[in-house]
Amino acid sequence: MVSTTAQVKAGDKCDINKDRITCASEKAMLFCNQNEWVAFSDCEPGTVCRDGRCQVPDQDSGSASNALPSQANDSSDLSSVAAVSDPAAAASDTAAIASDTAAAVSDTAAAASDTAAEASDTAAASDTEAASSADESSQSGNDSSSGSSGDNFGITCDKFNDAVSKASKAISANYPAPSSAQCNSFLKGMSKGDISSAREAAMFLSNILWESDGLRAKEEYDCKDLPDWCAQNYKSTDDKSGQTYWGRGYIQLTWSYNYKAASEGLYGDDRLLDKPDQVATDEDTAWAVSFWFWKANVHSDPGVQQGNFGSSINKINGALECKGAAQDKAKKRYEMYKAVLPVFAPGEQPKESGCYN
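Just so it is clear, the structure is predicted and the values come from calculations on it, not from any experiment.

About the criteria used
- Residues numbered from 1 in each chain as written.
- Predicted model: local features only at pLDDT ≥ 70, side-chain atom pairs only at ≥ 80, totals over all residues.
- Heavy atoms only, no water.
- Helix = DSSP H or I, 4+ residues; strand = E, 2+ residues; numbered from the N terminus.
- Buried < 20%, exposed > 50% of the residue type's maximum accessible area, 1.4 Å probe, protein only.
- Core = buried A, V, L, I, M, F, W, Y, C linked by side-chain atoms within 4.5 Å.
- Contact = heavy atoms within 4.5 Å.
- Disulfide = S-S within 2.5 Å.
- Phe/Tyr/Trp six-rings, centres within 6.5 Å; stacked < 30°, edge-to-face > 60°.

A word on the environment of Arg-216. Residue placement: Arg-216 occurs in the loop between helix H4 (198–211) and helix H5 (221–225). Arg-216 gets classed as partly exposed once you look at its relative accessible area, which sits at 39%.

Listed below in structure tokens is the structure:
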């Protein structure tokens, strides 16, 4: 449930069975974590927090309309629930963020600038030039991995399956082997995320594996068992009659206005708003919304383009995993990345910076 109480502050008690997000002030939001309100996200300049959401004030009436917050906060606990994004991303600890006890809520940032740094993984004209380029990229932070976007940077289903297996072992998880449909949809959808290198593909997959509990969760776990509760919990004035907008897709897209934004960004229409279930039931769509989220909120971050894996965590769930009490979750993401990167981009060295360090 979204609380409208404006006087609460971080550290105050809450009830995870009833509370989820609230406004601490006109600029800051809190979420209920282990029966205690903790910092969640700040609103974008020009917006204010109303009814647990960042909204654009109506200058004439003093009311507010929906706007996207400044940061997407999402993470997932490997043993229980999937991440939920509000707007677009995902779970972390307890009822508001995926934990051992409840599903998560995250707030997706407004569409990020598309001025991504140019990928430097140019197929070299000669062996000498390629070696020189690799040396330069090691110093500058640009990706030196082989391949091109046309062939998905040399990533195949064999590499995809190997990466998932090694990521699972890196954190002592028990992820199942991916299906051929999951791999094919991943490869087909890569262009939707503006993935610019094999290194960035490794960043993306490592985060998605964490968010989706090893590609097992395309729908928020709790909402399968408690659909009425979730329908009420994610209810908003933008909903289509008879539809629900809890966490779906590998990134756990939530709230109707995010389904609408993703649908317009991917397809130029409202198909996901009209039929949100397809985000969980259709493999291509589950990946597409995840790539859409990455493109809108993560891809163009300078740190991400320089190869700093921590920067990708910061864009997804920085308030909790980089600045908050869930840094152990971020470190598990990085352990997976260290396992995935050598599979996708042999010779590329992982960089941890951009989050908790």
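From this point, things continue past the structure.
This brings us to the nonpolar core. Core analysis: the biggest nonpolar cluster contains 56 residues, and Phe-186, Met-190, Leu-205, Trp-287 and Phe-344 have the highest contact counts within it. When residues of this core are traced back to their parent elements, those giving at least two are helix H2 (157–170), helix H3 (180–189), H4, helix H7 (256–267), helix H8 (271–274), helix H10 (283–297), helix H12 (309–322) and helix H13 (327–344). For this core, the element with the most residues is H4, which contributes nine residues. Residues within four places of Phe-344 in sequence aside, it is in contact with Ile-155, Lys-159, Phe-160, Ala-163, Phe-186, Ala-198, Ala-201, Ala-202 and Leu-205. If you look at the next biggest cluster of nonpolar residues, it comprises six residues, including Cys-223, Cys-230, Trp-246 and Tyr-257.

Scanning all chains against the criterion turns up three disulfides. Covalent S-S linkage joins Cys-223 and Cys-230, the inter-sulfur distance amounting to 2.0 Å. Here the S-S torsion is close to -85°, and the disulfide linking Cys-223 with Cys-230 is therefore left-handed. Residue Cys-230 is classed as buried on the basis of its relative accessible area of 0%. There is a disulfide in this structure between Cys-322 and Cys-355, and the S-S distance comes to 1.9 Å. Between Cys-322 and Cys-355 the sulfur-sulfur dihedral comes to about -105°; the bridge is accordingly left-handed.

Turning our eyes to something else, we now look at the environment of Ser-168. Considering the arrangement of structural elements, one finds Ser-168 in helix H2. Note: C-alpha distance between Ser-168 and Met-336 (168 residues apart in sequence) is 7.2 Å. Apart from the residues lying within four places of it in its own chain, the contact partners of Ser-168 are Ala-173, Asn-174 and Tyr-175.

Below, the discussion takes up H3. Those residues of H3 that sit buried are Gln-182, Cys-183, Ser-185, Phe-186, Leu-187 and Gly-189. Looking at the buried residues of H3, the elements they touch are H2, H4, H10 and H13.

The next thing to look at is the packing of aromatic side chains. Inspection of every chain in the model, using the stated rule, returns 17 aromatic pairs. Pairing Tyr-250 with Trp-287 gives two aromatic rings, centres 4.6 Å apart and planes at 50°, and the pair type is tilted. Linking Tyr-250 in the loop between helix H6 (227–233) and H7 with Trp-287 in helix H10, this pair joins segments that are 37 residues apart in sequence. Just as Tyr-250 is buried, Trp-287 falls in that class too. On the numbers, 6.4 Å between centres and 40° between planes, the contact of Tyr-334 with Tyr-337 is tilted. Remark: Tyr-337 and Tyr-334 occur in helix H13; sequence separation between them is three residues, near one turn of the helix. Take Tyr-334 and Tyr-337: they sit in the same class, and that class is buried. Through a chain of ring-to-ring contacts, the aromatic side chains of Phe-160, Phe-186, Phe-204, Tyr-250, Trp-287, Phe-291, Trp-294 and Phe-344 assemble into a single cluster.

That is the geometry; function is a separate question.
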